[in-house]
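An overview of the molecular structure
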Amino acid sequence: MCGIVGYIGNKQVVPILLDGLQKLEYRGYDSAGIAVLLDGKIERRRIEGKIAGLKEKMAKEPINGFMGIGHTRWATHGRPTEENAHPHIDCKNEIVLVHNGIIENYFTLRQELIELGHKFVSDTDTEVLAHLIEENNKSGNFLEAVVKSLKEAEGSYALAIVLDKTPDKLYAARLGSPLVIGIGEGEYYIASDVLAILNYTKKVIFLEDGEIAEVSKEGFHIYTIADLSRVNKKAQLITWDPITAEKSGYRHFMLKEIYEQPRVIEENIKGRLSKDKEEVYLDFPDLPDKELEGIKKVLIIACGTSYHAGLVGKFILEKILRISVEVDIGSEFRYRDPIIDKNTLLIAISQSGETADTIAAVKEAQKSNAKIISICNVLDSSITRLSHGVIYTHAGPEVGVASTKAFTAQLTALYLLALYLGKLRKSISKIELIELIDELLKLPKKVEAILENDKDIIKCSKTYFKYKNFLYLGRGINYPIALEGALKLKEISYLHAEGYPAGEMKHGPIALIDENMPIVAIVPHGQVYDKMVSNLREVQARQGVIVAVGYKNDEIVKEMSDYFFTIPETIDFLTPILTIIPLQLLAYHVALKLGVDIDQPRNLAKSVTVE
Ligand code: M6R
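Let's talk about unusual backbone geometry
Going from His86 to Pro87, the amide bond is cis rather than trans, its omega being 0 degrees. Structurally, Pro87 can be placed in the loop between β4 (67-73) and β5 (88-89). One non-glycine residue, Lys277, lies in positive phi territory at about 60 degrees. Among the secondary structure elements, Lys277 is positioned in the loop between α7 (261-269) and α8 (289-293). The backbone of Gln543 shows a phi angle near 60 degrees, a positive value even though the residue is not glycine. Secondary-structure assignment places Gln543 in the loop between α17 (529-541) and β24 (546-551). Given the relative accessible area of 57%, Gln543 is considered exposed.

Listed below in structure tokens is the structure:
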């Protein structure tokens, strides 16, 4: 987590840094700071809290300058105080740096540096790097000093570094945390994420792990950290529109992103299906058809919301491919000695492509020669680079910390992948394929219809925002939607919500049910409809409050429910893309009533780049 940004050029640097940090705030918002180099002197401003506070401070204590670095922090080592805020400096205020990642051996390094006479003023792991570079810079070659220090440091980093004696240079290095260089006219940008620099340039270079860049107004050189050999890289053009990273009149990014879903689903389908609905076009250049035909098992790895998409994926892929699918949480997978081999297809799902636990799991799977396909939203992110094939979800930047459009885009990608593999492996007939594609194509309009019909959801949120505990129930392919609906509510409203398979209720959770515990039930028609209705009768018998999501014409569930949110009909198999929409809106409107920070909920960050 944490966001870093840097600039060198002819423009005043502070507004560029503040703008970039604002765009990166979703990565962490515990503290923020910037450092500017002017006339050979480093000036810093730091605050505890959000970028808004830093802006106020900069207005009161302005700094001029044309090169500098900035940081927005998600605290790992040390409390979110001003002292622990980045940028961090060395003893002589000559070296200043910002860091995203964790220096795992910081404690040992810190002790060694203290013995050498270095004075530490923060509790962070990052400060160690400033002093270590200072210690190693005695030879006078700064690039070599940085590289030597990085070799001594263990852990992960994206770094931007400034030395007062080289006012014409900015240094950037990457290992395990993303970093991009933006190319302008006589000016260059450094950032954790393209979003930070999209207003200024769309031409970028992604640094790879183990690379360091020396950037000046005239250009840049990239070297390997291992032996300082030169690396040549091609610039890429980013297609994201800066406007999609703005709120566009919506009160919150989350709401805007919920309403973008019809377009996102459509864009994911568009261009990937043939007109006659008989072909799905996906391109895995490093995975020949023969290898995909030989797959014996599928393993899905992800975290959080992406994990919930993976759980739906299990139903989708098992149904179409008739092979066994396991789903694992990234942080669990690597410690359970999993059984995988070259005939395993590993599907890594991640909006950011930078989630540390998912990356670690993918690396683990690589050792067993599994075939890796990732479903990611961010171009050229770490997970995409570890994969033999990628399905990009084309959701555009997702800024709200609570994932919404990325989820439905991931589900769409999973349907497409299942149909593609099903056709390849002949586990789906032509008629079935056409039928499913036909229904898939109708989804954007159906999602639109749900979004237009939010009155009951708003009314319901006004009733239930005062309740403290919620139980979300679903079965079959909609059980993961119960988990996802509950996650949405808890992460943005801080209310306790549990997702549960409805059939399991009688094995324990039923004890919780009373008039103070709303049950949010997902009950579209399909294979498990009757079973769900029976489960709801059990709730009714215990005076439980029922909020249900189901088909419009379902008089039975409507009559049983205190609130009933309707979705248009589709086939059972596709319902999760529709049932999640009212639950996203419910979580949003409850949080709105509670007056909490919806886009940046406490303790969270958008991209969890630490294990
Ligand atoms: O970028 P990723 O999809 O890998 O992120 C995974 C989770 O951190 C993420 O889904 C998280 O759970 C969201 N806050 C959920 O809304």
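Observations regarding empty space enclosed by the protein
Taken as a whole, this structure holds 1 cavity of 30 Å³ or more when the rule is applied. Put simply, the largest cavity is a space of about 60 Å³. Residue lining of the largest cavity: Cys2, Arg73, Trp74, Ala75, Thr76, His77, His86, His99, Gly101, Asp125 and Thr126, and that is the complete set. In terms of residue class, the lining of the largest cavity is built from 3 nonpolar, 6 polar and 2 charged.

Quick notes on the sheet that holds strand β14 (residues 230-231)
In space, the 7 strands of this open sheet follow the order β5-β6-β7-β8-β12-β13-β14, with antiparallel pairing throughout. In this open sheet, the two edge strands, each paired with only one partner strand, are β5 and β14. Contacts between helix α4 (residues 126-136) and the sheet are confined to β5, β6 (95-103) and β7 (155-163), with β6 contributing the most and set at about 130 degrees to the helix.

Topic: the sheet that holds strand β23 (residues 519-522)
Spatial ordering of the open sheet is given by β22-β21-β23-β24-β25, a layout of 5 strands whose pairing is parallel. Each of the sheet's edge strands pairs with one partner strand only, and the pair in question is β22 (496-501) and β25 (563-567). Across the sheet, the mean angle from the axis of one strand to that of its neighbour is 20 degrees, orientation sign disregarded. Pairing analysis gives 5 bridges linking β24 to β25, with the strands arranged parallel. Paired with Val547 across the strands is Tyr563, a residue of β25. Across the sheet, α17 is in contact with β21 (469-474), β23 and β24; its angle to β23 comes to roughly 165 degrees.

Description of the nonpolar core
Residues Leu292 and Tyr472 are the most contacted members of the largest nonpolar core, which totals 92 residues. If one sorts the elements of this core by residue count, helix α13 (residues 405-424) sits on top with 12 residues. Of the domains in this structure, domain 2 (256-441) and domain 3 (448-594) are the two that each give at least three residues to this core. Setting aside residues no more than four positions away along its own chain, Tyr472 makes contact with Ala482, Gly485, Ala486, Leu489, Ala497, Glu498, Gly499, Tyr500, Val520, Leu583 and Leu586. Within the second largest apolar cluster, 33 residues are counted, among which are Val5, Leu17, Met58 and Val378.

A few points about the site of the ligand
Lining the immediate environment of the ligand, one finds 14 residues, of which Ser306, Ser350, Ser352, Thr355 and Glu491 sit closest. The separation between an oxygen atom of the ligand and a polar side-chain atom of Ser350 is 2.6 Å. Within the side chain of Thr355, an N or O atom sits 2.4 Å from an oxygen atom of the ligand. Computed on the free molecule, the ligand has an accessible area of 410 Å², of which 91% lies beneath the protein chains in the complex. Considering each element in turn, the shell around the ligand owes the most residues, 3 residues, to helix α9 (residues 304-321).

Definitions and limits used
Chains are numbered independently. Their residues run from 1 in the order of the written sequence. Reporting in this predicted model follows two pLDDT cut-offs: at least 70 for local features of residues, and 80 or more for side-chain atom pairs to be given and counted; totals over whole chains, interfaces and linings ignore these cut-offs and use all residues. To obtain the side-chain values, all non-hydrogen atoms of the structure were included, while hydrogens and water were left out. Each helix is a run of DSSP H or I of at least 4 residues and each strand a run of E of at least 2, with the numbering of both proceeding from the N terminus. For every residue, the accessible area (1.4 Å probe, protein chains only) is compared with the maximum for its type, and the residue is labelled buried under 20%, exposed over 50%, or partly exposed between those bounds. As defined here, a cavity is a set of points on a 1 Å grid over the protein atoms alone where a 1.4 Å probe fits but cannot get out. A pocket is an open set with protein on both sides within 12 Å along at least five of seven lines, and residues line them when an atom is within 4 Å of a point. Grid points are joined across faces, edges and corners, and a volume is the space filled by probe spheres set on the points. Each residue gets one label: Ala, Val, Leu, Ile, Met, Phe, Trp, Tyr, Cys and Pro are nonpolar, Asp, Glu, Lys and Arg are charged, and the others, such as Gly, are polar. By definition, two strands form a pair when at least two bridges between them are found by DSSP. Contacts: residue pairs with any heavy atoms within 4.5 Å of one another. Where helices are involved, their axes are fitted lines through C-alpha atoms of the stretch in contact, as for all axes, and angles between N-to-C directions lie from 0 to 180°. Think of a nonpolar core as a cluster: buried Ala, Val, Leu, Ile, Met, Phe, Trp, Tyr and Cys residues, connected wherever their side-chain atoms sit within 4.5 Å. What fixes the domain bounds is an automatic or database domain assignment. Any residue with a non-hydrogen atom lying within 4 Å of a molecule or strand is treated as near it. For the purposes of these results, a polar contact is taken to be a pair of N or O atoms within 3.5 Å, where, inside protein, one atom must be able to donate a hydrogen and its partner to accept one; residues adjacent in sequence count only when each atom of the pair is a side-chain atom. We get accessible surface area from the Shrake-Rupley algorithm with a probe of 1.4 Å; when it comes to residues, only the shown protein chains can shield them.

By themselves, these figures tell us nothing about what the structure is for.
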